[in-house]
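So you can see what is in the structure, the chains are spelled out below.
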Amino acid sequence: MKEEHSLIEADVLIIGGGSAGAMAAIRAKEVNPDQKVVVFEKGNMKYSGCIARGMDAMNIVAVPDVSTAELYVESNSIACDGIMDEPVNYRMAERSYGVMKKLESWNVCFPKDEKDEYEVLKIHPKGRFCVTMKEPELKTILSEKAAALGVQVVNRTMAVRLLKNQNRIAGAIGMNVRTGELMICRAKTVILSSGGTARFGLPDNGHLYGVYDFPGNTGDGYCLAYRAGAELSGFEYTLVYYITKDINAPLLYITLTRGAKLLNAFGERRDQDHPNPAKMLLEHAEGKGPIRIRMDHLSEEKIKEIEDILFTTERPACERFHAGRDNDFRKGEIEMWPTEVYLCGGHGLTGVRVNENAETSVPGLYAAGDTSLVARGHLSGALVIGEVAAEYASEFAAENGEVSINEKQVADFEDELEACLAQKNNPVSIEEFEYKVRRMIGDYLKPPKNEYKLDRALWWMDRFRKELKTMVRVCDVHDLFKYFEVENIIQSATMCAIASKERKESRWMPWHYRTDFPEKNDAEWKKHIVLTCGDSLEDVKVSHKPIIKMGN
Ligand SMILES: Cc1cc2nc3c(=O)[nH]c(=O)nc-3n(C[C@H](O)[C@H](O)[C@H](O)COP(=O)(O)OP(=O)(O)OC[C@H]3O[C@@H](n4cnc5c(N)ncnc54)[C@H](O)[C@@H]3O)c2cc1C
């Protein structure tokens, strides 16, 4: 270490205070109130992450007498086209009802009907698992709970490197995104819960931050894990959603489950099946879009119910947006379009490989939420696996003694930082550069894909990696932390191109549609494509791993 930095100690360090991180922090204190639990959060834990304020449903809950964890595993395996490890998904479903009841005991509202039953909707291929929630203050409740239990939250701090001592995890380097000061956390265990790569492709509206998922999530968790030697998978699952045009806000389940009509551009009804973003994308691509939502036939009571959820629980900005577009739900219709392409464990299949104990392949390193590969786990995956990660990480911390920091790793990062800060006079602003990187991601990694496009993606990412160091201007702390975010976006794109090239078939249509291999090929490709770090960051090693079944 060349300079003195703030140093903090933790038994459990959590990187990312979103849904999974907040829940992990709470659970770590519950299982051992005496241990020191620290959260590094890039924003402010009170409002950061996918939830931001509230959420209208917990998508996977095995409610007793309605469904079972076994049925969920069967159902989700269909939804994942067979690329799903059963034990971790089973554990998530098995504990989902317990977590929901726990939230309810904290006054999170899960509405009940006159028969005292929860509203459980069908959005999966088999069974009913989606429980309606009506809680505009969910994130505040979680963060206040964590604070009350004595969790130390270090807001505005981006984890930039994990620290290791030989093979074991030893903590992390955090950087304050306002002052640039470094904070070194020496930790016995680390839980990665920093979301997916939301800032990946560019949305049609051209705004860098106007994305569907939380814009502070730039693949940091994936890249921290990758650099530390952990296994990653599912980078070929390139998600595009189909949602409200220009604001990219949720709408579909909230309206369709309450009787709204879904129409294509020719006025043909499309809401007979449960709403299926994949089918809508295909219809849009065939020129039958945009697909629209109509509610003018609904009662005033129903419309008010929808507005209430959309404008409070989901996102207050929706009210201003729809007013600005003259979208009166009583008269008009709401247009939907494809979102930008992004990578995510919660809606998709991208993430750090974990077993049913949330353990990664690196001792002492755990992952939860959208950073981890708990296929299509959504909020339930984040909350439940957040708890599981906390339990096993706490056990690891109790069983393994202190770990010392390898000062050379900190000194190496200080050198990197010095080199970045010397880029004051370079010609390209970090925003212009990010725009171009993400435009190319949209051009070459957004499905449909083919080998030519994927090779172009790799060529561009290689070039961007060099240009980030030679062309980009870093004038202040703001530029500095964005520099590290863009580095992670480029690395996520490299891994996405490599995994997409490797999977020589089409699967999860349209999310991994290879026009040069248009058929699904279970015989050869019903397996995981696993990525690990070779001799350098760009040396991505590829291997194949079988799907893990229960009892294996
Ligand atoms: C718009 C939208 C609507 C959704 N609706 C539903 C729904 O109705 N039901 C459902 O079940 N699921 C829903 N989901 C999915 C669900 O919300 C997510 O799967 C879940 O919240 C992910 O939690 P997470 O903790 O992994 O990520 P997040 O909650 O996004 O948290 C990640 C946190 O990490 C922080 N971070 C990132 N990088 C760093 C770093 N380097 N250092 C420190 N901190 C960092 C971020 O600031 C953020 O706070 C929705 C998702 C979205 C985007």
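Residues numbered from 1 in each chain as written. Predicted model: local features only at pLDDT ≥ 70, side-chain atom pairs only at ≥ 80, totals over all residues. Heavy atoms only, no water.

(A) Fine view of the sheet that holds strand S18 (residues 540-545). With antiparallel pairing, the four strands of this open sheet are ordered in space as S15-S10-S17-S18. Edge strands, defined here as strands with exactly one partner in the open sheet, are strand S15 (351-352) and S18. (Pairing = 2+ DSSP bridges. Helix = DSSP H or I, 4+ residues; strand = E, 2+ residues; numbered from the N terminus.)

(B) Structural detail: the pairing of strand S17 (residues 528-533). The sheet contact formed by strand S10 (residues 232-233) and S17 spans two bridges and is antiparallel. Paired with Leu-232 across the strands is Leu-531, a residue of S17. Relative to S18, S17 is paired through six bridges, and the arrangement is antiparallel. Bridge pairing in S18 places Thr-532 opposite Lys-541. Linking S17 back to S18 in an antiparallel pair, the connection comprises six residues.

(C) The arrangement of the pattern of salt bridges in detail. The tally for this structure, following the rule as stated, stands at 53 salt bridges. When the shortest N-O distance is used, the salt bridge between Lys-541 and Asp-539 registers 3.4 Å. Three or more residues are tied together by salt bridges with common partners; here these are Arg-27, Glu-30, Arg-95, Lys-102, Glu-387 and Glu-391. (Salt bridge = Lys/Arg side-chain N within 4 Å of Asp/Glu carboxyl O.)

(D) Examining the site of the ligand more closely. Near the ligand there are 37 residues, and of these Ser-19, Glu-41, Ala-57, Asp-220 and Asp-370 occur at the shortest range. In this structure, an oxygen atom belonging to the ligand sits 2.6 Å away from a side-chain N or O atom of Ser-19. Contact between the ligand and Asp-370: an oxygen atom at 2.7 Å from a main-chain N or O atom of the residue. Across the complex, the protein chains shield 98% of the 1000 Å² of accessible surface that the ligand would expose by itself. Every element with two or more residues in the shell around the ligand is listed here: helix H1 (19-31), strand S3 (55-58), strand S7 (157-165) and helix H10 (378-399). Residue contributions to the shell around the ligand peak at four residues, all from S3. Residues of the shell around the ligand, tallied by class, amount to 14 nonpolar, 16 polar and seven charged. (Near = heavy atom within 4 Å. Polar contact = N/O pair within 3.5 Å; in protein donor to acceptor, adjacent residues only side chain to side chain. Areas by Shrake-Rupley, 256 points an atom, 1.4 Å probe, with all protein chains shown as cover. Nonpolar A, V, L, I, M, F, W, Y, C, P; charged D, E, K, R; others polar.)

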